[in-house]
Number of protein chains: 2
Amino acid sequence: MSNISRLTFKQVRGSPQPQRLQAFSPPLSRIPGPIEVSDEVLFANAHPSMSHMSADFTKIFGDSIRMTRDVLLTKTGQPFLISGSGTLGWDQVSANLVQQGESVLVLNTGYFGDSFADCLATYGAQVDQIYADFGTTVDLAEVEKALSSKRYKAVTITHVDTSTAVLTHPKPIADLVQKHSPDTLVILDSVCAVASEDIHMEEWGIDVVLSASQKGIGAPPGLSILVASQKAIAAFNARTTPIPTYYASWKRWLPIMQAYEKGTAAYFATPPVNLIYAFHAALSQILNAPGSLEARLQRHKETSARIKAAAEEIGLKQVPADPVNAANGMTALYCPEGVKSSELAPALAAKGVIIAGGLGTRKDTYFRIGHMGITAVDNARDDVDRIVNALKEVVAEKTAAIGKV
Amino acid sequence: MSNISRLTFKQVRGSPQPQRLQAFSPPLSRIPGPIEVSDEVLFANAHPSMSHMSADFTKIFGDSIRMTRDVLLTKTGQPFLISGSGTLGWDQVSANLVQQGESVLVLNTGYFGDSFADCLATYGAQVDQIYADFGTTVDLAEVEKALSSKRYKAVTITHVDTSTAVLTHPKPIADLVQKHSPDTLVILDSVCAVASEDIHMEEWGIDVVLSASQKGIGAPPGLSILVASQKAIAAFNARTTPIPTYYASWKRWLPIMQAYEKGTAAYFATPPVNLIYAFHAALSQILNAPGSLEARLQRHKETSARIKAAAEEIGLKQVPADPVNAANGMTALYCPEGVKSSELAPALAAKGVIIAGGLGTRKDTYFRIGHMGITAVDNARDDVDRIVNALKEVVAEKTAAIGKV
């Protein structure tokens with residue numbers, strides 16, 4: 001543990017109630033996940049060791065399963081909470097829902113679409129892709145054409161591609177599926193969207209939402225979060241071939257999730273006990289806050305609008321070409337002309353704001369700022385001002401420096 | 001978070017330095033993992049959110065990889081530290097080292113041998129098993145016969161079967177492999193053995209040690225820890241068929257581990273950042289303690305001997321039939337005649353000691369006590385006395401009650 005971080009923690013923890021030490025200003029980690037989390041969540045992550053079979057933990061795990069459903073607005077979806085990164089959700093989908101040789105349509109809006117397609121192909125899916133240009137989302141007419149012309153077992157959507165901040169609205173796509181290919185499963189990769197973007201899982205007809213703990217939900221990383229509709233569970237049960245994974249097999253996990261929800265501990269593999277306590281704390285904060293989930297999503301939209309408006313004022317252009325398709329939990333901005341993201345990042349860090357550069361071949365031309373979770377919802381924080389001020393200063397310095405060259 | 005646990009944490013954390021609050025006596029969780037961990041490790045698990053790409057975390061991750069090697073006494077082994085439970089280690093072995101149709105010999109000493117065999121078969125291995133009777137380990141003559149009569153890609157050993165506390169000594173088996181089938185990979189499932197039992201990975205010729213964070217190492221659960229020998233890596237590189245997993249693929253993870261060890265962050269899937277800080281703290285405590293790893297293992301042997309001697313004095317028989325094959329990190333004991341483990345457990349819990357019942361069809365006839373980690377090495381703790389006293393009292397009460405019937 002570095003000295004700075006330990007200091008932060010000790011100072012914050014040095015009081016009997018969690019409280020922010022106003023005099024202390026650690027660098028603000030504003031990458032699009034792992035995001036900074038609330039003190040309550042950090043406290044919960046340091047919960048004393050508990051047996052995964054104890055009554056105390058069983059209740060926490062059962063409640064976490066129920067609250068996961070609430071956050072996705074589904075009454076009948078089946079949550080799977082498994083130790084692993086968000087990536088494990090792709091394996092869950094690829095290994096449990098798709099059989100060797102079945103076709104899957106990947107709506108590819110960037111880096112994470114490429115990776116999901118790789119994962120599907122690894123498990124033997126026949127993958128077709130519809131690509132969006134960088135900074136845009138897929139053309140609905142193309143999606144409609146594909147769905148009308150071929151039978152797909154599933155269609156995958158990257159809700160927010162963390163690599164570009166492009167937001168793809170799932171409902172119009174789910175509607176097209178309903179119209180042209182109602183048996184097709186709608187898979188939503190919401191790693192960078194749960195609890196920061198609107199998701200009406202049941203109303204929209206989404207069959208799988210997969211996510212992770214370290215983004216909009218506001219817990220530490222290490223939990224693969226997936227909710228499957230009953231239609232998806234039925235498709236799983238209708239498999240005719242063996243499940244080609246052990247650790248990610250729903251045959252193993254389904255009885256475990258059902259048992260914990262009923263209040264009985266069951267064992268397949270040890271759950272990440274501390275992280276489940278932290279996840280429980282994060283979900284409780286989301287659902288018990290005034291206005292609950294709805295207010296939270298509204299706050300994300302307002303925060304996002306403030307940052308995007310400030311960026312425009314500074315003269316920075318968003319990566320998403322159309323504001324309608326820009327995420328509310330993060331912002332991706334092109335660098336000023338002649339400045340690389342690898343120069344902006346350390347300059348911003350020096351002013352106490354940690355951002356992420358770009359991803360892929362264009363990585364030096366743009367950068368990304370996360371504003372999920374406490375940045376959006378904690379009134380006591382001045383994160384947005386700090387981000388905007390640092391950005392303003394750094395852009396002014398860098399462009400002035402170029403002017404002098 | 002329950003009231004009791006929160007109280008524990010707040011009281012312990014209410015001082016600027018981690019310290020035990022002597023007046024407070026929480027129930028002692030003495031199951032064989034997740035084990036209770038040190039305050040330093042809990043502190044580290046509540047480390048403020050850090051970017052997985054930050055210089056601070058990169059150093060911590062790199063150090064953790066190096067220290068993992070030190071704990072297993074290997075200079076050339078390749079560690080894989082992946083978000084997931086210990087079970088994921090089985091998938092890593094089955095999917096990366098064994099190709100469809102290749103034969104694997106499973107030395108089965110209980111529940112965890114059954115499960116490893118299931119996992120191997122899931123990925124297409126042709127599995128032969130040598131079964132040990134309940135409470136015993138495998139017959140070396142049978143192992144020798146099997147290795148001489150068939151070419152096995154790998155042989156798997158459950159180092160300590162957590163279901164029975166049976167310890168299988170890996171060296172004699174590795175020696176037989178060296179003698180009869182030197183190409184065969186020796187796979188050691190040390191989930192319940194790393195940092196509590198002797199492991200000389202390089203000297204003994206072990207090709208894979210797989211483990212988890214929540215047992216002898218003394219960190220919270222959620223990290224799959226695996227170290228592969230260069231022979232195992234060569235076998236992986238010599239594969240002729242595609243790797244049938246995405247999340248557990250070494251093709252994905254090897255460059256990531258190599259990058260972090262060299263001090264450069266790299267991305268495949270988000271690592272469990274907080275848990276890596278906790279794991280780092282746990283490894284540091286193991287290696288930096290006076291006498292380092294060697295002293296730690298000796299303390300585990302002494303603690304184990306004390307508990308086993310006390311159990312004998314109370315009249316309780318160990319599940320492992322031969323003391324030579326009894327684990328040093330846990331103890332499995334038959335219940336007194338006429339008493340079920342499901343009656344003992346709550347009676348012990350009422351006296352502040354949480355133990356685990358049995359596993360499988362015999363689960364009511366025996367119970368298990370964990371004594372890995374701080375119980376063995378923290379001089380300030382009186383865990384052993386508490387365990388022994390509670391056991392003595394409960395057994396006396398239960399047997400007296402039976403006498404009265």
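Not measured: the values here are computed from a predicted model.

Residue and element names in this part refer to chain B. Considering the arrangement of structural elements, one finds Glu-36 in the loop between strand E1 (28–29) and helix H2 (39–45). Of the polar contacts made by the side chain of Glu-36, one reaches the backbone nitrogen of Ser-29; its length is 2.7 Å. Within the structure, Glu-36 has its side chain in polar contact with the side chain of Arg-381 (distance 2.9 Å).

Another point: the interface of chain A and chain B. Counting from both sides, the interface comprises 66 residues of chain A and, opposite them, 66 residues of chain B. Here chain A and chain B share an interface that buries about 5,100 Å² over both sides, 60% of which is from carbon and sulfur atoms. Where chain A packs against chain B, one counts two salt bridges. Taken together, chain A and chain B are joined by 16 residue pairs in polar contact (both at pLDDT 80 or more). Class assignment for the residues of the side of chain A that touches chain B results in 33 nonpolar, 24 polar and nine charged.

Before going further, it helps to examine the environment of Lys301(B). All names here are of chain B. By the element assignment, Lys-301 lies in helix H12 (residues 292–314). Placed 27 residues apart in sequence, Lys-301 and Asn-328 show a C-alpha to C-alpha distance of 5.3 Å. If near-sequence neighbours (up to four positions away) are discounted, Lys-301 is found in contact with Asp-198 and Asn-328.

Residue and element names in this part refer to chain A. Taken in spatial order, the three strands of this open sheet run E11-E14-E13, and their pairing is antiparallel. Since the sheet does not close on itself, it has two edges, and those belong to strand E11 (330–334) and strand E13 (356–357), each with one partner. In this sheet, strand E14 (residues 366–370) lies alongside E13 in antiparallel orientation, the contact comprising two bridges. Of the residues in E14, the one forming a bridge with Ala-356 is Arg-368.

Enumeration according to the criterion identifies five cavities of 30 Å³ or more in this entry. Reported here for the largest cavity is a volume of approximately 90 Å³. Forming the walls of the largest cavity are 15 residues, and the residues nearest its centre are Pro221(A), Leu275(A), Asn45(B), Pro221(B) and Leu275(B). Every element with two or more residues in the lining of the largest cavity is listed here: helix H11 (273–288) of chain A together with helix H11 (273–288) of chain B.

What follows deals with the packing of helix H3 (residues 55–71) of chain A against H11(A). Residues and elements named next belong to chain A. It is the contact of H3 with H11, at a shortest axis distance of 9 Å, that shows an interaxial angle of 45°. The angle between the axes of H3 and H11 places the two elements in the oblique class. Of the two possible hands of crossing, H3 and H11 adopt the one that is left-handed. Residue-level inspection shows Asp-56, Phe-57, Ile-60, Phe-61, Asp-63, Ser-64, Met-67, Thr-68, Asp-70 and Val-71 of H3 in contact with H11, the latter providing Val-273, Ile-276, Tyr-277, Phe-279, His-280, Leu-283, Ser-284, Ile-286 and Leu-287.

It is worth spelling out the packing of H12(B) against helix H15 (residues 383–404) of chain B at this point. Residue and element names in this part refer to chain B. Remark: H12 packs on H15, axes separated minimally by 10 Å, with the N-to-C direction vectors making an angle of 15°. The orientation of H12 relative to H15 falls into the category roughly parallel. Note that H12 runs across H15; the crossing there is right-handed. Packed against H12, whose contacting residues are Thr-303, Arg-306, Ile-307, Ala-310 and Ile-314, the element H15 presents Val-384, Asp-385, Ile-387, Val-388, Leu-391, Lys-392 and Val-395 at the interface. In terms of residue class, the contact of H12 with H15 is built from eight nonpolar, one polar and three charged.

Looking now at the state of the cysteines. Inspection of every chain in the model, using the stated rule, returns zero disulfides over all chains. The thiol of Cys119(A) is not disulfide-bonded; the next cysteine sulfur, from Cys119(B), is found 16 Å away. Residue Cys119(A) is classed as buried on the basis of its relative accessible area of 0%. Cys119(B) supplies the cysteine sulfur nearest to Cys192(B), a cysteine that is in no disulfide, at a spacing of 19 Å. For Cys192(B), a relative accessible area of 2% translates into the label buried.

The rules we used
- Residues numbered from 1 in each chain as written.
- Chains lettered and ligands numbered in written order.
- Predicted model: local features only at pLDDT ≥ 70, side-chain atom pairs only at ≥ 80, totals over all residues.
- Heavy atoms only, no water.
- Helix = DSSP H or I, 4+ residues; strand = E, 2+ residues; numbered from the N terminus.
- Polar contact = N/O pair within 3.5 Å; in protein donor to acceptor, adjacent residues only side chain to side chain.
- Contact = heavy atoms within 4.5 Å.
- Buried area = accessible area lost by both parts, 1.4 Å probe.
- Salt bridge = Lys/Arg side-chain N within 4 Å of Asp/Glu carboxyl O.
- Nonpolar A, V, L, I, M, F, W, Y, C, P; charged D, E, K, R; others polar.
- Pairing = 2+ DSSP bridges.
- 1 Å grid on protein atoms, 1.4 Å probe; cavity = no way out; pocket = protein on both sides within 12 Å on 5 of 7 lines; lining within 4 Å.
- Points joined across faces, edges and corners; volume = space filled by probe spheres on them.
- Axes fitted to C-alpha atoms, helices over the stretch in contact; angles between N-to-C directions.
- Parallel < 35°, antiparallel > 145°, perpendicular 65-115°, else oblique.
- Left-handed = near helix turned anticlockwise from the far one by under 90°.
- Disulfide = S-S within 2.5 Å.
- Buried < 20%, exposed > 50% of the residue type's maximum accessible area, 1.4 Å probe, protein only.

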